[in-house]
Amino acid sequence: MRLNSLSLSLARLFVSCRPSSRTGQSLWSSCVSRRSTPGKSTVSNAIMEDREVLPDFVVNTSIAKKSTNVTYQSHHVSRQKRGQILGERGGFRGCCLWFTGLSGAGKTTIAFAVEEYLITKGIPAYGLDGDNIRHGLNSNLGFTQVDREENIRRISEVSKLFADGGIISLTAFISPYAKDRDNARKIFTEAGLPFYEIFINTSLEVCEKRDVKGLYKKARAGQIKGFTGIDQVYERPSNPELSLKAGVDTVDECVQQVIELLQNEGIVPIQAVEKVVELFVPASKVESTLAEAKTLPKLHINKLDLQWLQVLAEGWGTPLKGFMREREFLQCMHFGCLLDGGVSNQSIPIVLPLTTEDKERLVPVPAIALYHDGKLHAILRNPEFYQHRKEERASRQFGTGNAGHPYVKMIYDSGDWLVGGDLEVISRITWNDGLDKYRLTPNELRAKFRSINADAVFAFQLRNPVHNGHALLMTDTRRRLLERGYKNPVLLLHPLGGWTKDDDVPLDVRMRQHAAVLEEGVLDAASTVVAIFPSPMMYAGPTEVQWHAKARQATGAHFYIVGRDPAGMPHPDTKEDLYHAQHGRKVLTMAPGLTQLEIVPFRVAAYNLKKGAMDFYDPDHKADFLFISGTKMRALARSGELPPKGFMAPKAWDVLSDYYKSLQTTA
């Protein structure tokens, strides 16, 4: 008997629901066996042969009737209550993002990228792909119009359940018919849930050129019938909530457009939008801003303050819009995060101290002009003044109020008041030291990574010279990323460029040393981007290492390498480690607001005496390893001695040795 496709679909559904128990299988067999001519195939065989043959009982029209005597049961848990416990960012966010477009348009690629992005921001999301669904829930459906309608109906209902549970549901289906998409929207509308149709507007030509699955080639050859875009119509959305040019824009750019839609609709907080907030005055307003600044009272800031001003201006502190106001300062000090509009990691305060004399002079004014060495740099608007509780700040930030700590001493020496407010920075801050070309902003680094087609970025923060142990870890990280399937993982070698304590190697020397490491091929220059991170160093241990990681998120980095005792230093009095050597790494794996980054732990490297090279330490063969401390390295450099061969690239060692010998000459 030849039946229509709906009957075949019902039979396939029946086959997909085959019972597993022995009794059930017996009943199944008796049902599906032919009751007439011997030798006829069973339903399972017919379907395996793709024949539209059904057992007689399936013809019964009662199978197609709707369920009766069923009553919808209301949940005891409200959507608001679900939203309070789902994810790291409270609030009900259940909705559907319906991605539609031709095969190969980029629906699943973008949907899964949005899913990954939301999850890294602590927002629950789940991607439902058309092919994946046809492996399970809809495995009994074909590609006739009737089956396509049923395919979309089922996935609409499943997606609604996800959304009702407070999860952002992302469906990636061709869904070629406008009627089916309208029905999907109706299901959500009647349930009181948001529905957003997103058209992946990629041309047929681009889709055919991609043809990742080889389906277009088969369709053109006549091997596939009813293929959307070739011999079956695709009805373009007439008024989608969002249209993405996936054939023109990058995946990251498409993701951000989706996130901005969700932010504008109030589904996700503004902090979830991965958009770096720069604080520079638009070029069209610079002239008027300069004229206004001449009428404003002045506040002279020091070099440290100017470095923090640069950090804020370039967007490293996003979402901060200026020096912290008291509310932001208290959130930072007590919670290590900014909380307004969602959780954003901010473990260290970025504040502007001023003296009581300056505070009395400037209260109340609507705006202040900020100067350094006689040059105007910014306007601080709507200033808010509050007490600088120095010992409390130091104790919370550093775990000590000991003035022997160099940054703590600078806090004690600064003003008794803090002023916060919104910044308008006149122009790019430069230092004219020959290194400004390396001071790339987060947006410039993002553009750089896109230009070299980096599909993963792993960042390494450092304030010391690079030895071959560091290089071993970085090259090993790249190897592991390649093994995970990334095609072009890129290293961001990102030395800290702000204030450091007096006995640290100066920035210009470190940059020459890093260049020598690349020149000698210890690191792969083609897959390495060297840039300067403008932040001052604070030596605040696990508290500060969160700041270092958070700032690298602004560059689009996906992985962050953390070492032993990051941002640490000896206690001013006892000379023992001020912070536990492993706490920085452990804290990063738990820190709120940093889920976008995968933390790469620092494997201990030492000099392998047998190999004559730096190697990962093996405690089972500890006699084979020599640990060369920073103190030992500096002593060798000062004396003009060479380290063991393979410890550091020779040219890189020469740079370091020349620096330490110059200190003896000038002493």
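Details of the structure are given in the entry above.
## Structural notes on the overall build of the protein
What the protein contains, in helices and strands, is 24 helices and 20 strands. For the protein, the residues scored as buried account for 50% of the 667 residues in total. Split by element, the accessible area of the protein, about 32,300 Å² in all, is 52% carbon and sulfur.

## Structural notes on the packing of aromatic side chains
Using the criterion set out here, one finds 17 aromatic pairs in the structure. Members of the aromatic cluster, joined through ring pairs, are W98, F173, F188 and F195. The residue whose ring lies beneath K298 is Y371, and the NZ or CZ to ring-centre distance is 4.7 Å. Sitting over the ring of F616, R603 keeps its end group 3.8 Å from the ring centre.

## Let's talk about the pairing of strand β12 (residues 417-425)
Both strand β9 (residues 353-354) and β12 contribute to a ladder of two bridges, which runs antiparallel. The residue bridging L354 from the neighbouring strand is W417, located in β12. As defined by bridge partners, strand β11 (residues 375-387) adjoins β12 across eight bridges and the pair is classed as antiparallel. Bridging across to β12, F385 finds its partner in V419.

## Overview of helix α21 (residues 541-553)
Think of an α-helix as turning once every 3.6 residues; residues three or four places apart then point the same way. Helix length check: α21, at 13 residues, gives a terminal C-alpha distance of 19 Å against a target of 18 Å (1.5 Å per residue), a fit within 8%. Those residues of α21 that sit buried are G541, P542, E544, V545, Q546, W547, H548, A549, K550, A551, R552 and Q553.

## Considerations on the sheet that holds strand β19 (residues 613-616)
With antiparallel pairing, the three strands of this open sheet are ordered in space as β19-β18-β20. Lying at the two open borders of the sheet, with one neighbouring strand each, are β19 and β20 (625-626). Relative to β19, strand β18 (residues 605-608) is paired through four bridges, and the arrangement is antiparallel. Bridge assignment links N608 to a residue of β19, and that residue is A613. Those strands touched by helix α19 (residues 468-483) are β18 and β19, and its axis lies near 50 degrees from that of β19.

## A short note on the environment of S78
With respect to the element layout, S78 can be found in the loop between α3 (43-48) and α4 (79-85). Between the C-alpha atoms of S78 and D164, which are 86 residues apart in sequence, the distance is 9.5 Å.

## Things to note about the packing of helix α5 (residues 107-120) against helix α11 (residues 251-264)
Between α5 and α11, the shortest axis-to-axis distance is 9 Å and the interhelical angle comes to 60 degrees. Considering only the axes of α5 and α11, their crossing is right-handed. Side by side, α5 and α11 meet where T109, I110, A113, V114, Y117 and L118 of the first sit next to V251, C254, V255, Q256, V258, I259 and L262 of the second. In terms of residue class, the contact of α5 with α11 is built from eleven nonpolar, two polar and no charged.

## A look at the nonpolar core
If you look at the biggest cluster of nonpolar residues, it comprises 70 residues, and the most contacted ones within it are W308, F323, L370, L423 and W547. Looking at which element gives the most residues to this core, the answer is helix α13 (residues 303-313), with seven residues. Of all hydrophobic cores here, the second largest spans 41 residues; its members include V466, L523, I561 and Y607.

## Concerning the sheet that holds strand β15 (residues 528-530)
Here five strands make up an open sheet; going across it, the order is β15-β14-β13-β16-β17 and the pairing parallel. Each edge of the open sheet is held by one strand with a lone partner, namely β15 and β17 (598-601). Across this sheet, the average inter-strand angle for adjacent strands is 25 degrees, counted without regard to direction. Here strand β14 (residues 489-495) runs beside β15; their pairing, made up of three bridges, is parallel. Directly across from L493, in β15, lies its bridge partner V530. Contacting β13 (456-462), β14 and β15, helix α18 (residues 442-451) runs over the sheet at an angle of about 150 degrees to β14. Sitting on the sheet, helix α20 (residues 507-519) is in contact with β13, β14 and β15, with an inclination near 155 degrees to β14.

## With respect to the pairing of β14
The buried count for β14 comes to seven of seven residues, which makes it a mostly enclosed element. Burial along β14 is two-sided: the face carrying P489, L491, L493 and P495 and the face carrying V490, L492 and H494 are both buried. Relative to β14, β13 is paired through seven bridges, and the arrangement is parallel. Following the sheet pairing, L462 is matched in β14 by P495. In terms of handedness, the path from β13 via α19 over to β14 forms a crossover that is right-handed. Tracing the backbone out of β14, into α20 and back to the parallel element β15 gives a crossover that is right-handed.

## Some details on unusual backbone geometry
For the bond from T318 to P319, the omega torsion is 15 degrees, close enough to zero to count as cis. In this structure, P319 sits in the loop between α13 and α14 (326-335). For the bond running from V363 to P364, omega is -10 degrees, close enough to zero to count as cis. Residue placement: P364 occurs in the loop between α15 (356-362) and β10 (367-372). In this structure, S175 is a non-glycine residue whose phi angle is positive, near 35 degrees.

## Some remarks on the pattern of salt bridges
Scanning the entire structure with this criterion turns up 36 salt bridges. Across the salt bridge formed by E241 and R185, the nearest N and O atoms sit 3.0 Å from each other. Taken together, the residues E241 in the loop between α10 (215-220) and β5 (242-244) and R185 in helix α8 (residues 178-190) connect sequence positions 56 residues apart. Residue R185 is classed as partly exposed on the basis of its relative accessible area, which comes to 24%. Here D504 makes a salt bridge to K501, at a shortest N to O gap of 3.6 Å. Just as D504 is buried, K501 falls in that class too. Among the charged side chains, a network of salt bridges with common partners joins D476, R479, R480, E483 and R603.

Conventions we followed
Residues numbered from 1 in each chain as written. Predicted model: local features only at pLDDT ≥ 70, side-chain atom pairs only at ≥ 80, totals over all residues. Heavy atoms only, no water. Helix = DSSP H or I, 4+ residues; strand = E, 2+ residues; numbered from the N terminus. Buried < 20%, exposed > 50% of the residue type's maximum accessible area, 1.4 Å probe, protein only. Areas by Shrake-Rupley, 256 points an atom, 1.4 Å probe, with all protein chains shown as cover. Phe/Tyr/Trp six-rings, centres within 6.5 Å; stacked < 30°, edge-to-face > 60°. Lys NZ or Arg CZ within 6 Å of the ring centre and 35° of its normal. Pairing = 2+ DSSP bridges. Expected span 1.5 Å × (residues − 1). Contact = heavy atoms within 4.5 Å. Axes fitted to C-alpha atoms, helices over the stretch in contact; angles between N-to-C directions. Left-handed = near helix turned anticlockwise from the far one by under 90°. Nonpolar A, V, L, I, M, F, W, Y, C, P; charged D, E, K, R; others polar. Core = buried A, V, L, I, M, F, W, Y, C linked by side-chain atoms within 4.5 Å. Right-handed = clockwise from strand over helix to strand, strands pointing away. Salt bridge = Lys/Arg side-chain N within 4 Å of Asp/Glu carboxyl O.

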